Each structure stands twice: as structure tokens, then as C-alpha cells.
Amino acid sequence: MNGLHDMGGMDGFGPVQVEEGEPVFHHPWERRVFGLVAGSAARRLAGSTDAFRFAIERMPPAHYLQAPYYERWLTALATLLVEKGVITREELVRRAGGSFPLSQPVPPLRLPTATHSQAPRFGVGDSVVVRNEHPGGHTRCPRYVRGKRGTVVRVDGAFRLPDVAAHREVPCAEPAYSVRFAARELWGTDAAATESVHVDLWESYLEPPLEP
Amino acid sequence: MTKSGKRHRGPKDDHHHPAPPSDVEVRARALEELLRDKGLVDESFIDAVVSAYENDIGPMNGARVVARAWIDPAYRGRLLANGTAAIAELGYGGPEGDHMVVVENTPDVHNVVVCTLCSCYPWPVLGLPPTWYKSAAYRSRLVREPRVVLREMGLDLPERVEIRVWDSSAEIRYLVLPERPAGTEGLTEEELATRVTRDAMIGTARA
């Protein structure tokens, strides 16, 4: 989905604020949420990592932006547990003594099919173009590279295609690649010639260029 | 918000507006209690996991990897060829570290890592990510204007140095192998490890 989480290239967020000597967790509730997510993952209560990421992405944009990091984890975990029937929303609200905001429901989706390629379609040095697709479900193809041309710099093993894995427990492994994009291809002529961005992309996201 | 800092709660008989969200601490406790009532919380497991990331799994692990690579050219070669296996030689691996790639800084090339989509980070060697790494500012800007962001963060790279940004958008997790600082020839591996910072291994600082 074209969510707020897909932040690469956005303007307006200001300088990076660094906290010197930052603790691993700032508040006891953050430690507990981290532990609950880890514990729920170990018990397979809430689905895959992809499903977890998608649950965060489904948060209403305003909530996503204002929520501290581990509040996003809390919201996603609670959402998935409600959707899986482990707990109910009413139970959460009653316990919390106020409202308990959850992520938005999964929209109706037409899921893609993984390539299932045994041998990678592309090799190191190949030119590729990122398909200009805008799936309504989970994807790990950032908007800022869609339609852009890059060069394969590394061929990785096969991994489950997140666009499927977030939604269905079915086989969906396919090769993934690291693709190098010149900064000028992504950001135009003002970008420096001496900068590049490497993005890790599944085979389904890529196609050969029309012109070599 | 009231003067006490507590969130104001409206009257409960107001049908037109849902109750305001409970404070996040209250919500976190509510979820934990619900799961505990249902027998779905393993306290010892949670305590062990949290304690591990607070005490044992952090940048000191990655620093050992870097220091070893600095003193042992054969290890450096293995680390760059197969990061996961070479890191496992020192005993590190696990969640968010199953597929490691190590990228090496040189006088001409500087590498820096980001996750624009969420917060992917090599946990076994760096621990859990700092807040700034997960921030909208870092995630949005690093891919667009890396030299500016690095300068703001205190790393002023000359224009002739090529910058390679790595967006960890899939299953690979990245570790930057920083350049060994000048004047450290006489240091032991343990002494070198103390010189390697977390930020140098993300790529937002030099070692």
C-alpha cells in the first residue's frame, strides 16, 4: 500500500534528532511491548513478520506519525491478535478503560503470484527497471524506485515474497537482488553524480528494460 | 491535556464521541494482562529476551567483528565474501542477522545504511536500533540527500568521496566495515574494538 511508512525521499521532517547515550528502552512499557511481540512471535500467535509490518502500515496515517515506535508495535500486535481471534477488541477496550486504537482492516486484495524461479532471472551487471505497480496490500518495493532503472549488484538467495507472505501462509519464495540506482536517476539532475542508492528488491518487482 | 499532564477523559455518557485513547502505558498493560489471563505470556521467556537485548546484544558485538577484520586480513576477506558465516565465527547470529552483508569503507567510497520502510537493522551485531535510525527524518532524507544528512550528523565527507546508501528493504541486513583509524597500529584487537562506535558501523560516523 502507498502508506506513510514509505518515506524514502519525502521532505519536511527536519534534522535527524540524535539522543546521546540513549537507553535501549526509554520506558518500562516499551520493554514489555518488545517482550510481548517477541513472545507472541515465538508462540506464532500473530502471524509472520510481513503480516506484522503490514499491520503497522495499516495504522491511520495520523496515528502512525504521532505514535512512538513501540506504540506502533503495540497497535500492530493488538490488531493481529484481534484479527486472529486470540482476543477481542471489546476485551481490550474494557481492560484499557478507554478506547484502544487499532489498525485499519485489510482491504479487499488481488494478490500477486511469486515467480518461484529456481534460477535467478537476472545476473550481476544486468540493467533492470522497477515495475510501476501500486499494490493495495503489503509490499517492500519503495515508491521512490518504481519505474526507475538500475543495475543488479548482488543476487541473493530466494526469500518469501512479502506481497504474498503478509497475507497468506503459502509457498512464495523467489530470488531477491540488490539493485544500484544512480542518485540522478532517482532525484533528477540536481542530485550528485557521486551518490547512489542500493535497494533490495524481489524478482517480481523487476523487469528487463525495453531498450538495452 | 490537563495541568497534571494526565489525558482528560470526557463524560462516559457521551454517545457522539468515542472515549479518548487510553495512555499507551495503560494500553500496553491491558494487552499484557489479557494475554496473561489466557495463559499466553511466558514471563521467563520475555524477561530473557528483553534482558539479552539490554545487556548482551549490542554494538560491542559488531565492534569485535570490525576489530578482527582490521587485524586479520584473512578474516576480513571472509567477512566481505560471506558476512553471515564470518560473523557466526565470533558467535553472533539470530533474528535480524540471518543474512548479513558487510560493506567496506575506503578512502574513496563511504557506505551508509537505512531502512526507509520501517526499521530493519542487524540486531545480532548492533542490538536494537536507536530512535534516530527509526525516525521519519532519517528514513526520508538519507536516500535523497545523504551528504547533507551526514554533515548535519557530524560527518563531513569531501565531494570526491562516493557515497553508497543501502536501503535494507528485503531480508539482507547490512554492517559497515569502517576504515581503521590512523595511528592505531600498536593497539591490540581488544583495544581496537573499544574504538569502534555503533554509528561507524551504520555509516553515519567514522571509527
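These numbers come from a predicted model, not from an experiment.

Undergrad: Mind showing me how you'd approach the pairing of strand S3 (residues 173-182) of chain A here?
TA: If a strand is regular, its side chains alternate between the two faces of the sheet. Residues and elements named next belong to chain A. Judged by how many residues are buried, S3 sits mostly within the fold: seven of ten residues are covered. As judged from the seven bridges shared by strand S2 (residues 149-160) and S3, these two strands associate in the antiparallel manner. Across the sheet, residue Val155 finds its bridge partner in S3, namely Tyr177. The pairing of S3 with strand S4 (residues 195-202) spans seven bridges and is antiparallel. Note on S4: the bridge partner recorded for Ala182 is Ser196.

Undergrad: How do you make sense of the sheet that holds S4(A) when you look at a structure like this?
TA: In a beta sheet, neighbouring strands are held together by backbone hydrogen bonds and run either parallel or antiparallel to one another. Strand order in the open sheet made by the seven strands is S5(A)-S1(A)-S2(A)-S3(A)-S4(A)-S3(B)-S2(B), with mixed pairing throughout. The open sheet has two edge strands with one neighbour each: strand S5 (206-207) of chain A together with strand S2 (109-114) of chain B. Here six bridges tie S2(B) to strand S3 (residues 162-167) of chain B, and the two strands are oriented parallel to one another. In the strand pairing of S3(B), Val112(B) is matched with Val165(B).

Undergrad: Would you mind going over the nonpolar core with me for this structure?
TA: Proteins that are soluble and globular tend to have nonpolar side chains buried together. Val33(A), Leu77(A), Leu201(A), Leu31(B), Val66(B) and Val176(B) are the most contacted members of the largest nonpolar core, which has 108 residues in total. Looking at this core, the element that brings in the most residues is helix H4 (residues 69-83) of chain A, giving nine residues. If we ignore the near neighbours within four places in the chain, the residues touching Leu77(A) are Leu36(A), Val37(A), Ser40(A), Ala46(A) and Leu31(B).

Cut-offs and rules
- Residues numbered from 1 in each chain as written.
- Chains lettered and ligands numbered in written order.
- Predicted model: local features only at pLDDT ≥ 70, side-chain atom pairs only at ≥ 80, totals over all residues.
- Buried ≥ 20, exposed ≤ 12 C-beta atoms within 10 Å, placed from the backbone.
- Helix = DSSP H or I, 4+ residues; strand = E, 2+ residues; numbered from the N terminus.
- Pairing = 2+ DSSP bridges.
- Core = buried A, V, L, I, M, F, W, Y, C linked by C-beta atoms within 7 Å.
- Contact = placed C-beta atoms within 7 Å.

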